[in-house]
Amino acid sequence: MTASLADDDVLARLRGIVGARNVLTEEADMAPYLEDWRGYSRGTALAVVLPGDTSEVAGVVKAAAECGRSLVPQGGNTSLCQGSVPPEGGNGIVLALRRMAGIREIDKPSGVMIVDAGAALAAVHAAAEGVGRRVPINLGSEGTAQIGGLLSTNAGGTSALRYGPMRELVCGIEVVLPNGRVFSDLRALRKDNTGYDLRNLFVGAEGTLGVVTGAAIRMHPMLRASAHAWVALADLDAAVTILTGLQDRFDTAVQAAELLSRNQVELVLRHIPRTRHPLETRSDWSLLVELGSSDAAADLQGQLEEWLAERFEDGAVLDAFVAQSEAQGGDIWHIRHSVSEANKIHGHSLSHDVAVRPSLVPRMIEACSEGVRAAHPGANILIVSHVGDGNVHFIVHFTHAEWDAFADPKAVTAQVMRIVHDEVEALNGTFSAEHGIGRKLKGELAQRGDPVRLELMRAIRGVIDPGQRMNPGTVL
Ligand SMILES: Cc1cc2nc3c(=O)[nH]c(=O)nc-3n(C[C@H](O)[C@H](O)[C@H](O)COP(=O)(O)OP(=O)(O)OC[C@H]3O[C@@H](n4cnc5c(N)ncnc54)[C@H](O)[C@@H]3O)c2cc1C
């Protein structure tokens, strides 16, 4: 397709700002930036632009505004709610931050690291470890997901139980606003009560209020003792009993507690190389547990073994495997972090990222499962849950053949989503716990969101991005 004159003018301006090689327009070059991770959404764009620093981002954003083009900020493109790709038929700009991957400063005594937004989480982990510190956010996409994306989705992951989601790890931010001006607050102060908390407006904004170009991230002491266990639970209710007991006994040493259904574990073992079930006992429900302490002398492994033996006696636990080395611990967590990959290989997932209070998790899983099975008796329901956060990935899974056999797959998607979200709403929960809204849940937010909250959100968007050019078609 030949570009119109206006397109050529826009491209010339962009090339003038970031250099010709950093403006991608060929179909093959742009393809990885236009399709979402699951392959469920594919958009179009005039160009993919790769800026090298904050001033180039500001230049591109300003040029987009002056040329009336929309702009989609993109990090690692691992969004699970179709938030990081442009709309179909669009001719805007995808602004991908992968060239901005520097570590700007590490201040160990202050427990702060300042990074470019395009730094991948794995690189941030490595940089922190280099000074004997860690950034405690862990998820399956950490090799690819970037700080800007994690921050813009307020990502959670397995460590949120102990350290909170990304919002609680961010102590400073740098953002290019939709008019091209830079809002910079990277002083990383622990205390600063000088008015509204603007930083937190941008955390979780999913690229609708500007482009995050830098962030100050909190670092925590290294764990010098740890214990990892795979616990075969007697039943679903035992997940809450065991978690509560673990917190009573080990308090802040509880780093993570993840619930997996048996069929979800089986899919991982089937599709992901180098995975092996750690137990002979195949229970319907498994809880993966990590304990950690900065005290190298803490005998967490021994204490966990002892505590689990007591739970075996009182019947909540059928069997348990306590890792005898960090490598064995890593193997357990490899299974957990491979679920999205395995499900993608096996078929089509109707995935729901819902949350209720932790005590209600079993009731929610049962109610949603009953509702879905009434409509689709053979449905394969996979559960992956950050149970301590009350967050359940409720996945209704179909093989590729089953999915292709549906006459109207969009109607099935909408029907299943309605069933699940109605049950969650009845339990006072949320239909988006950690993945965000993106394009996928925009309709749900409009329909189910609190009207006052929506009014305030629209007002804020109207002030910061009156032209609605930032990531259009997502969130609001
Ligand atoms: C295998 C796998 C496992 C996952 N596990 C988890 C999990 O456990 N917990 C969890 O919360 N999520 C999880 N995710 C989802 C995803 O990794 C997170 O949402 C992550 O935060 C997205 O980061 P990203 O850099 O890939 O952002 P992208 O996908 O590129 O973008 C996500 C959103 O942020 C916006 N954005 C990106 N960068 C910027 C920026 N610099 N400025 C402004 N806006 C920006 C985009 O416009 C988009 O709206 C998983 C995904 C995969 C594929």
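For the structure, check the block above.
Residues numbered from 1 in each chain as written. Predicted model: local features only at pLDDT ≥ 70, side-chain atom pairs only at ≥ 80, totals over all residues. Heavy atoms only, no water.

### What about the site of the ligand?
Piece 1. Near the ligand lie 35 residues; those nearest to it are Pro73, Gly75, Thr78, Ser79 and Ser141.
Piece 2. Between the ligand and Pro73, the relevant distance is 2.6 Å, taken from an oxygen atom to a main-chain nitrogen or oxygen of the residue.
Piece 3. Expressed as a share of its isolated accessible area of 970 Å², the protein-covered part of the ligand is 97%.
Piece 4. Breaking the shell around the ligand down by element, the ones donating at least two residues are strand E3 (71-74), helix H5 (147-152) and strand E10 (211-218).
Piece 5. A per-element tally of the shell around the ligand places H5 first, with four residues. (Near = heavy atom within 4 Å. Polar contact = N/O pair within 3.5 Å; in protein donor to acceptor, adjacent residues only side chain to side chain. Areas by Shrake-Rupley, 256 points an atom, 1.4 Å probe, with all protein chains shown as cover. Helix = DSSP H or I, 4+ residues; strand = E, 2+ residues; numbered from the N terminus.)

### Some details on the packing of helix H8 (residues 237-250) against helix H10 (residues 300-313)
Piece 1. Where H8 contacts H10, the axes come no closer than 12 Å and their chain directions differ by 140°. In terms of their interaxial angle, H8 and H10 are classed as oblique. Once H8 is placed against H10, the crossing between them reads as right-handed. Between H8 and H10, the contacting residues are Ile242, Gly245, Leu246, Arg249 and Phe250 on the first element and Gln303, Leu304, Trp307 and Arg311 on the second.
Piece 2. Split into classes, the residues belonging to the contact of H8 with H10 amount to five nonpolar, two polar and two charged. (Axes fitted to C-alpha atoms, helices over the stretch in contact; angles between N-to-C directions. Parallel < 35°, antiparallel > 145°, perpendicular 65-115°, else oblique. Left-handed = near helix turned anticlockwise from the far one by under 90°. Contact = heavy atoms within 4.5 Å. Nonpolar A, V, L, I, M, F, W, Y, C, P; charged D, E, K, R; others polar.)

### A word on helix H9 (residues 262-271)
Piece 1. Here H9 has its buried residues at Gln264, Val265, Leu267 and Val268. For H9, the buried positions fall inside an angular range of 160° around the axis, keeping them on one side.
Piece 2. Contact partners of the buried residues in H9: strand E12 (225-233), strand E13 (254-261), helix H11 (326-337), helix H12 (339-346), strand E17 (380-386) and strand E18 (391-399). (Buried < 20%, exposed > 50% of the residue type's maximum accessible area, 1.4 Å probe, protein only. Arc of directions from axis to C-beta.)

By themselves these figures say nothing about function.
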